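# Close look at the chain arrangement
Chain residues, written in single-letter form:
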Amino acid sequence: MRRYETLEISELSIWSDNPRHFNENLLSAGVDEAAIINILIDIVGEGKMFNLIADIVASKGLMGNIFPIVVEKDEKYLVYDGNRRISSLKLLNNPDIAESESLKRKIKKLIENYDDLSFSKKVQVYITDETEALELMDKTHNGEQDGVGLIPWEAYQRDGSLVKRGQSAKYPISYAIASVMGYTKKSHFKIPYTDLNRLFGSKKIKEHFEINDFTEEYKNQIEFAIQSLINYKQFKKFKSFSRHFNITDTSIDDSPVTAFCNWVDEQKENKDNVTFDSSPVEIFSGQCYDFSMHGLKVYDYNHNEISFNNDDLSIKYYNPNDEEVDSVSSSEIGTWTVQVEFKGQTYSEKVEVKKLLSPKIDFTIPDLRIKFGNTLDLRNIILRATDGYGNDVKDQISIEPVNSVNIIGDVFNANNPIGVYEVKYSFTNVTGEPYAVTKEIKVVDKSSPLQTLDTDIPLLSFNGDTTIINITPEVNELVKEINSLDYDDYKAIIVVALRAVIELTFDKLSSEGIISFSSSNELEQRITNFKNHLDQQKIQQLCTTFPTILSSFHTEKNVVDLINPTELNAYLNLGAHKSSQRIDTTKAKELCKSAISPILVYSSLLLK
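## Observations concerning the packing of helix 8 (residues 172-181) against helix 11 (residues 219-236)
- One can describe the packing of helix 8 onto helix 11 by two numbers: an axis separation of 10 Å at closest approach and a directional angle of 110 degrees. Between helix 8 and helix 11, the interaxial angle falls into the category roughly perpendicular. From helix 8, I177, V180 and M181 reach across to helix 11, where they touch K219, I222, E223 and I226.
- Residue composition of the contact of helix 8 with helix 11, by class: 5 nonpolar, no polar and 2 charged.

The following block contains the structure:
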């Protein structure tokens, strides 16, 4: 059921129960697709909808890393996730769908200079069942969900991405300061990233700390200003820089800035005053905490670093319930406070004790099938592995057989016969307890990419899945009907249909300019042309492009070599012109497996 497939936009239906439609039960109301798209435009907004359409045109397609999620239901392909994107493609194909005259005009004007809109005709989608579709939508649209869902970028990460792509940072001062100070992760920013931009955009602050530019030359002044702001926050006991300094998107209040600068001057006059610099600490339950993790530094009134021993410090610890205790215990989840006193000055820092994460092993291929006679590096199929601390433990995983599978080192042996095998992947978690998952590996017949473990399979199939074949609507429908008929009862009809499937497929390859057939009327010659097209280079290219469908070059070359144009032509002509009594039942099944189905699969991939 789960697969990737390229479909015509016309084959996709906008899901009328899309959560963006909130509580409008459009499905039961029988609302047509155009109306559903216009409701979506109304909800999302014309401006955002047009911006997406313009981006698709500029990019000549959808984002390549996020596929629309489709569920096949009631002989329809329903778009569960990606309705805005698919609606945008449908509007590109037919702007008149839009009820808004303004949006309609904008779309038509956008595309009038584009001769080639072929990217809007087809789209690659992920087809699955409704249960997984809804689960994936929850993970995509319901926020972080403690890390299970998508975590949006922080402002500093977005700026980093913009700059790497040659664009301007949204918060240029913050980005410059982060670059000078060597900030690389969230915990480095003791003042929120966006507040840095506005605070240091203040002319008064820059003049007071003699900061002429945000470069390496002024690093010490920037560092002193940041630490002074932090100390001032602790002294005044306010919670938010943006609120205290009355920061908005466009301005900062001068009066709080003046009060801050005056306070800094007062501190300089008191020679005993010191300032502190440290970092918050994050640990997981069970990890050891040590005060040195904070990297505490102490400075005098001129911002010169003061040497000290821990014995010179008075340190107090407060648990998440704000109760004073002897030390930080990593067995208690929550935010701890560490209070430091030195020369009569106090300073507070945070320790975040986090709950252990669930250990996890993910694989690159969910449903793993390999051809008999092939080997498989079992370690290469591990996508990622993390322990309870979130550390990468991929290299620590041990691999061992569960049943009678033959493994040499980390390699699944080529001698394993056709069947289903289980391999255990395990590592020792940070708790000392073992963690393991079992991966199922299916070995299928080497002679054809279309043989499954199930002996009772449709005539035309690919690893038990007929829907991999996507050539034309007519061919697709014929394949479905052939597979739905009982072979013993409909032998003659099926064999005639098999010839039609092959000829229609060759017609499509010819019309798309993929293969030039030397004789359009002679089937045997066309089969020969097709076989010749799949030379060593072309087979290698297909195997590289579709590694999860075509397992290896040697196997696929063997399949192509086994296609006998004379034999296949003779049988298909026999089926077309003679009575059902002359049809060899066994031969039909063998040819479907060894020749017809491979031709359909390779054709489908060539058309992709």
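On we go.
## Some details on the nonpolar core
- The biggest cluster of nonpolar side chains holds 56 residues, and the ones touching the most others in it are I177, L199, F200, I222, I226, F245 and Y289.
- Of all the secondary-structure elements, those providing two or more residues to this core are helix 7 (155-164), helix 8, helix 9 (193-199), helix 11, helix 13 (254-269), strand 7 (281-284), strand 12 (334-342) and strand 13 (345-354).
- Of all hydrophobic cores here, the second largest spans 47 residues; its members include F506, I527, L572 and L605.

## Examining a negative patch on the surface
- Together, D74, E75, E477 and E481 make up a region of like negative charge exposed at the surface.
- Structurally, E477 is set in helix 14 (residues 473-484).

## Some words on the side chain of R3
- Checked against the element boundaries, R3 lands in strand 1 (residues 3-8).
- Residue R3 is classed as buried on the basis of its relative accessible area of 7%.
- Looking at R3, its side chain comes within polar contact range of the side chain of E5, at 2.9 Å.

## Side note on unusual backbone geometry
- Positive phi outside glycine occurs at K237, with the angle close to 60 degrees.
- By the secondary structure assignment, K237 is in the loop between helix 11 and helix 12 (241-244).
- K237 gets classed as exposed once you look at its relative accessible area, which sits at 71%.
- The phi angle at K343 is positive, at roughly 55 degrees, despite the residue not being glycine.
- Residue placement: K343 occurs in the loop between strand 12 and strand 13.
- What makes K343 exposed here is its relative accessible area of 56%.

## Quick word on the packing of aromatic side chains
- Going through the model one piece at a time under the given rule, you end up with 28 aromatic pairs.
- Look at Y156 and Y193: their rings are 6.3 Å apart centre to centre, the planes differ by 55 degrees, and that puts the pair in the tilted class. With Y156 in helix 7 and Y193 in helix 9, this pair connects stretches of sequence that are 37 residues apart.
- The exposure class of Y156 is buried, given its relative accessible area of 16%.

## Here we look at the pattern of salt bridges
- With the rule as written, the count across this model stands at 19 salt bridges.
- A salt bridge links K73 to E130; the shortest N-O distance between them is 2.9 Å. Placement of the pair is K73 in strand 3 (residues 69-73) and E130 in helix 6 (residues 130-141), with a sequence separation of 57 residues.
- Its relative accessible area of 27% is what places K73 among the partly exposed residues.

The rules behind the values
- Residues numbered from 1 in each chain as written.
- Predicted model: local features only at pLDDT ≥ 70, side-chain atom pairs only at ≥ 80, totals over all residues.
- Heavy atoms only, no water.
- Axes fitted to C-alpha atoms, helices over the stretch in contact; angles between N-to-C directions.
- Helix = DSSP H or I, 4+ residues; strand = E, 2+ residues; numbered from the N terminus.
- Parallel < 35°, antiparallel > 145°, perpendicular 65-115°, else oblique.
- Contact = heavy atoms within 4.5 Å.
- Nonpolar A, V, L, I, M, F, W, Y, C, P; charged D, E, K, R; others polar.
- Core = buried A, V, L, I, M, F, W, Y, C linked by side-chain atoms within 4.5 Å.
- Buried < 20%, exposed > 50% of the residue type's maximum accessible area, 1.4 Å probe, protein only.
- Patch = residues over 30% accessible without salt bridge, like charges linked within 9 Å, V, L, I, M, F, W, Y side chains within 5 Å.
- Areas by Shrake-Rupley, 256 points an atom, 1.4 Å probe, with all protein chains shown as cover.
- Salt bridge = Lys/Arg side-chain N within 4 Å of Asp/Glu carboxyl O.
- Lys, Arg positive; Asp, Glu negative; His and termini not counted.
- Charge placed at Lys NZ, Arg CZ, Asp CG, Glu CD.
- Polar contact = N/O pair within 3.5 Å; in protein donor to acceptor, adjacent residues only side chain to side chain.
- Phe/Tyr/Trp six-rings, centres within 6.5 Å; stacked < 30°, edge-to-face > 60°.

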